[in-house]
Amino acid sequence: MDKIKIALLGDIHANLEAFNAVMEKIKTLEVTHYVCIGDIVGYNANPKECLDMMRALNPVATVRGNHDEYVGTEQDLYGFNPSAAAAVNWTRSQLTKEDRKYLAELPYSTVVRIPGVSPFSIVHGTMDNPHTWGYIFTRLQAVASMENQRPYKLCFFGHTHMPLYFVEKEYETQGFFFQEDAPISIEPNSRYLINVGSVGQPRDGIPTAAFTIYTPDENKVELYRVEYDIETCQQKIRDAGLPEKLASRLEIGR
Ligand SMILES: [Fe+2]
């Protein structure tokens with residue numbers, strides 16, 4: 001059997017140029033399974049195309065992001081910033097009823113079970129109250145989430161668009177930046193909470209599309225970054241009449 005290699009894609013946010021560039025790279029990596037960490041839609045201008053593409057990959061698991069939830073339902077947009085809310089409203093008009101139902105029915109978190117791989121958990125925001133869409137930036141926020149990922153050793157998340165990871169070892173938890181030249185080695189007797197990076201709207205100051213590859217046989221988790229056609233994506237945002245801020249932020253990765 002081929003070695004299992006799992007691609008984890010999160011915060012795609014309707015950025016077709018970034019998603020295509022990520023898939024080009026993935027073609028060279030002998031990936032066997034896909035996992036989606038949520039926020040397929042929102043912010044950028046190709047929600048339908050990105051949703052169809054993600055579903056066609058037949059991911060072994062997909063969780064619901066906050067944008068997926070708001071686009072999939074008629075909930076009012078209290079708490080969204082104005083440009084994100086404008087994009088949610090526009091995105092609702094771009095999807096079919098069936099697309100929106102699919103998004104609205106995604107689970108908040110799930111356990112990924114692949115034969116031959118220790119089960120691991122995934123969530124968009126946090127394992128503690130995932131439906132409240134809290135963010136994990138700090139060690140304390142990570143600890144609260146990790147208490148709720150037990151008994152699983154490994155949990156992948158998204159939502160912050162900031163590739164950070166946290167390691168709990170002997171009752172101590174530490175946070176680190178997740179970088180493409182520094183794979184995480186999964187050690188026995190440690191617990192991990194890993195942000196997979198954002199495909200479609202990175203916010204760590206690096207504008208390239210980010211995604212994660214997990215190779216269980218090698219106990220290795222790697223971050224990849226790929227260049228994509230930012231200008232085309234920006235032009236589509238402007239052509240759709242979406243807020244200029246959504247276009248300009250892409251080139252600075254914020
Ligand atoms: Fe997001």
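Just so it is clear, the model here is predicted, and its values are computed rather than measured. (Residues numbered from 1 in each chain as written. Predicted model: local features only at pLDDT ≥ 70, side-chain atom pairs only at ≥ 80, totals over all residues. Heavy atoms only, no water.)

### So, the layout of surface pockets
Its volume calculated, the largest pocket comes out at about 300 Å³. Along the wall of the largest pocket there are 20 residues; nearest its centre are Asn-66, His-67, Gly-79, Tyr-135 and His-159. If you list the elements that add at least two residues to the lining of the largest pocket, you get helix H3 (66-72) and helix H8 (244-252). Ranked by residue count, the leading element in the lining of the largest pocket is H3, at three residues. (1 Å grid on protein atoms, 1.4 Å probe; cavity = no way out; pocket = protein on both sides within 12 Å on 5 of 7 lines; lining within 4 Å. Points joined across faces, edges and corners; volume = space filled by probe spheres on them. Helix = DSSP H or I, 4+ residues; strand = E, 2+ residues; numbered from the N terminus.)

### Let's talk about the nonpolar core
Counting residues in hydrophobic clusters, the biggest one holds 48 residues, and the most contacted among them are Leu-9, Ile-26 and Phe-211. For Phe-211, the contacting residues outside a window of four places in its chain are Leu-8, Leu-9, Val-22, Lys-25, Ile-26, Leu-29, Val-196, Glu-222, Leu-223, Tyr-224 and Val-226. Among the nonpolar cores identified, the runner-up in size contains 26 residues, and Phe-120, Phe-178, Ile-194 and Ala-210 belong to it. (Core = buried A, V, L, I, M, F, W, Y, C linked by side-chain atoms within 4.5 Å. Buried < 20%, exposed > 50% of the residue type's maximum accessible area, 1.4 Å probe, protein only. Contact = heavy atoms within 4.5 Å.)

### Topic: the coordination of the iron ion
Surrounding the iron ion are the protein donor atoms Asp-11 (OD), His-13 (NE2), Asp-39 (OD) and His-161 (NE2), which sit 2.1 to 2.4 Å from the metal. Bound by four donor atoms, the iron ion shows angles of 82 to 176 degrees at the metal and therefore irregular coordination geometry. We note that the donor set of the iron ion lies within a single chain, spaced as D-x1-H-x25-D-x121-H. Of this pair, Asp-11 sits in the loop between strand S1 (6-9) and helix H1 (16-26) while Asp-39 sits in the loop between strand S2 (33-36) and helix H2 (47-56); the two residues are 28 residues apart in sequence, bridging distant segments of the chain. Here Asp-11 matches Asp-39 in class, with each residue buried. (Donors = N, O, S within 2.8 Å, 3.2 Å for Na, K, Ca; no water. Tetrahedral: all angles 85-135°; square planar, octahedral: opposite > 155°, others 65-115°.)

### Description of the pairing of strand S8 (residues 172-177)
For a regular strand, side-chain orientation follows a simple rule: the groups alternate between the two sheet faces. Bridge count between strand S7 (residues 164-169) and S8: six bridges; the pairing is antiparallel. Of the residues in S8, the one forming a bridge with Leu-164 is Phe-177. Counted between consecutive antiparallel strands, the loop separating S7 from S8 contains two residues, among which Glu-170 sits at a positive phi close to 50 degrees. (Pairing = 2+ DSSP bridges.)

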